[in-house]
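Okay, here's what each chain looks like letter by letter:
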Amino acid sequence: MAVLQFREALRDAIDEEMNRDENVFIMGEEVAEYNGAYKVTEGLLDKYGFKRVIDTPISELGFAGIGVGAAMKGLRPIVEFMTFNFAVLAADQIINHASKIRYMLGGQASVPIVFRGPNASAGQLGATHSVAYDSMYAHFPGLSVIYPSEPDDAKGLLKSAIRNDDTVIFMESEQMYGLKGEVSEEKDYIIPIGKAKVKREGDDVTIVATGKMYHIAKQAAQQLEKDGVEAEIIDPRTIKPFDLETVIKSIKKTHRCVIVDEAHPFGGLASEVGFLIQREAFDYLDAPVLRVCLPDVCAPFSKPLFDLWLPDAKQIIEAVNAVMYR
């Protein structure tokens, strides 16, 4: 195992796939000469040149459309958005075209493209830079949505995404690019899309959390352990397709569940997963499924208010105590 930063794991995945397949290229704002806004693409321009590492104008709709067209013609673009908050401008190409082309053309064409970049809050950047879009994109057929929480997952899943024959939304937390973790050195390391991982074993309660919320859940679990509660943490890693089987298997053991989601409560991932759990595992539950989400307000700029706005370990502990009737 090698210890890499999150950005380095992503870079290794892109580098390996570009080296393996000449049809893979990356485009986006500042990915080339500036080495990427978050230095994910550092060094790739020198290695692969301007034809495969392409700086674009500040026009998300335009370069997303170019990527969709290139994918339809047999290339495998990686389109980097500086943030998925800006990718709203490209939503027509992603939602109305990339996700629907295979269906509308009866399988005569596909769109093997990866749209990637930071998702959700990034610190004190205000309301227009702090939205989690994974649930929104997961709503649409034809899109796979991946949201890894650790460097190892990031590398293995990004390689799978690049090889996928349909459109993949690959979301990263801007606050995690410097996060270090062990990454497999296995040759051609691949993690299948749509497979969750039990990252902490426990018998008392199941906590489902992804992205940077996984790390908050881990903090909560460490505190709960001191209080005699063993929490099992499941990281879905892929938002869609969602690995419900792994979650249900855990609930059959713990009989309780708390879902942590860095999104607003109405219509989010926590709502959908909560519904699926009550549909598939109602008879195994000893308490209602609870969720820990953002409040139903936009992100504040004020640092103290922003810290209150984000889900934290204390909220997760309170939810766990509630489902355990403590």
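Residues numbered from 1 in each chain as written. Predicted model: local features only at pLDDT ≥ 70, side-chain atom pairs only at ≥ 80, totals over all residues. Heavy atoms only, no water.

Re the overall build of the protein
- Secondary structure summary: the protein contains 12 helices and 14 strands in total.
- Relative to the 2.2 N^0.38 estimate, which gives 20 Å for 326 residues, the radius of gyration of the protein is 20 Å and therefore close to what a compact globule would have.
- In terms of its C-alpha atoms, the protein occupies a principal-axis envelope of roughly 60 × 45 × 40 Å.
- In the protein, which comprises 326 residues, the proportion classed as buried is 56%.
- Taken as two groups, the 35 positive and 48 negative side-chain charges of the protein have centres that lie 2 Å from each other. (Helix = DSSP H or I, 4+ residues; strand = E, 2+ residues; numbered from the N terminus. Rg over C-alpha atoms; globule rule 2.2 N^0.38 Å. Buried < 20%, exposed > 50% of the residue type's maximum accessible area, 1.4 Å probe, protein only. Lys, Arg positive; Asp, Glu negative; His and termini not counted. Charge placed at Lys NZ, Arg CZ, Asp CG, Glu CD.)

Points about the packing of helix H9 (residues 244–254) against helix H10 (residues 269–281)
- As a packed pair, H9 and H10 sit with axes 11 Å apart at the nearest point and diverge in direction by 60°. Taken together, the axes of H9 and H10 lie oblique to each other. In the crossing of H9 with H10, the sense of the turn from one axis to the other is right-handed. Counted together, Leu244, Val247, Ile248 and Ile251 of H9 and Leu276, Ile277, Glu280 and Ala281 of H10 form the full contact between these two elements. (Axes fitted to C-alpha atoms, helices over the stretch in contact; angles between N-to-C directions. Parallel < 35°, antiparallel > 145°, perpendicular 65-115°, else oblique. Left-handed = near helix turned anticlockwise from the far one by under 90°. Contact = heavy atoms within 4.5 Å.)

Observations regarding a nonpolar patch on the surface
- Where nonpolar side chains cluster on the molecular surface, the patch consists of Met72, Tyr103, Met104 and Leu105 and spans about 480 Å² of accessible area.
- If you trace the backbone, Leu105 turns up in the loop between helix H5 (101–104) and strand S5 (114–119). (Patch = residues over 30% accessible without salt bridge, like charges linked within 9 Å, V, L, I, M, F, W, Y side chains within 5 Å. Areas by Shrake-Rupley, 256 points an atom, 1.4 Å probe, with all protein chains shown as cover. Salt bridge = Lys/Arg side-chain N within 4 Å of Asp/Glu carboxyl O.)

Some points on the environment of Phe50
- Tracing the backbone through its elements, the reader meets Phe50 in the loop between helix H2 (44–48) and strand S3 (53–55).
- Excluding its chain neighbours within four sequence positions, the residues that come into contact with Phe50 are Glu33 and Leu45.

What to know about the pairing of strand S11 (residues 231–235)
- Most of S11 sits inside the fold, with 5 of its 5 residues counted as buried.
- With burial as the criterion, each face of S11 is covered, one bearing Ala231, Ile233 and Asp235 and the other bearing Glu232 and Ile234.
- Examined bridge by bridge, strand S9 (residues 197–200) and S11 share 3 bridges and lie antiparallel to one another. Counted as the bridge partner of Val198 is Ile234 from S11.
- For the crossover that starts at strand S10 (residues 205–209), traverses helix H8 (residues 212–226) and ends in the parallel S11, the hand is right-handed. (Pairing = 2+ DSSP bridges. Right-handed = clockwise from strand over helix to strand, strands pointing away.)

Examining the sheet that holds strand S14 (residues 290–292)
- Taken together, 5 strands build an open sheet; the order of strands is S9-S11-S10-S13-S14 and the sheet is mixed. Two strands bound the open sheet, and with one partner strand each, they are S9 and S14. When strand polarity is set aside, the average angle formed by the axes of neighbouring strands in this sheet is 25°.
- Of the pairings in the sheet, the one linking S10 to strand S13 (residues 257–260) comprises 4 bridges and is parallel in character. Looking at S13, one finds that Val208 is bridged to Ile259.
- In the packing of H8 onto the sheet, the strands contacted are S9, S10, S11 and S13, and the crossing angle to S11 comes to about 170°.

Describing the side chain of Asp21
- Mapped onto the elements, Asp21 comes out in the loop between helix H1 (6–20) and strand S2 (24–28).
- Of the side chains with opposite charge, Arg76 lies nearest to the buried Asp21, which makes no salt bridge, at 4.1 Å.
- Those residues in contact with Asp21, other than ones at most four positions away along the chain, are Arg52 and Arg76.

Observations regarding the state of the cysteines
- Taken as a whole, this structure holds 0 disulfides when the rule is applied.
- Lacking any disulfide linkage, Cys257 is separated from the closest cysteine sulfur, that of Cys293, by 12 Å.
- Cys293 provides the cysteine sulfur closest to Cys298, a residue in no disulfide bond, and the two sulfurs are 16 Å apart.
- For Cys298, a relative accessible area of 60% corresponds to the exposed category. (Disulfide = S-S within 2.5 Å.)

Details of the packing of helix H3 (residues 60–72) against helix H4 (residues 91–98)
- H4 packs onto H3 with a crossing angle of 30° between their chain directions and a minimal axis gap of 8 Å. Here H4 runs roughly parallel to H3, going by the angle between their axes. Contact with H3, carried on its side by Leu61, Ala64, Gly65 and Val68, involves Asp92, Gln93 and Ala98 of H4 and no other residues of that element.
- When the residues that make up the contact of H3 with H4 are grouped by side-chain class, the tally is 4 nonpolar, 2 polar and 1 charged. (Nonpolar A, V, L, I, M, F, W, Y, C, P; charged D, E, K, R; others polar.)

Looking at the nonpolar core
- Membership of the largest hydrophobic core comes to 51 residues, with the highest contact counts inside it found for Phe81, Phe84, Phe115, Tyr137, Ile169 and Ile277.
- The element contributing the most residues to this core is H10, with 6 residues.
- Structurally, this core is a two-domain feature, drawing no fewer than three residues from each of domain 1 (2–183) and domain 2 (197–323).
- Filtering out sequence-adjacent residues up to four positions away, Phe81 remains in contact with Glu60, Phe63, Ala64, Ala87, Ala90, Ile94, Phe115, Arg116, Gly117 and Pro118.
- The next biggest cluster of nonpolar side chains, apart from the first, holds 29 residues, and it includes Met18, Tyr48, Ile146 and Ile191. (Core = buried A, V, L, I, M, F, W, Y, C linked by side-chain atoms within 4.5 Å. Domains from an automatic or database assignment.)

Overview of the environment of Ile58
- Here Ile58 lies in the loop between S3 and H3.
- When its relative accessible area of 75% is taken as the criterion, Ile58 is described as exposed.
- Along the chain, Ile58 and Met82 lie 24 residues apart, while their C-alpha atoms are 9.8 Å from each other.

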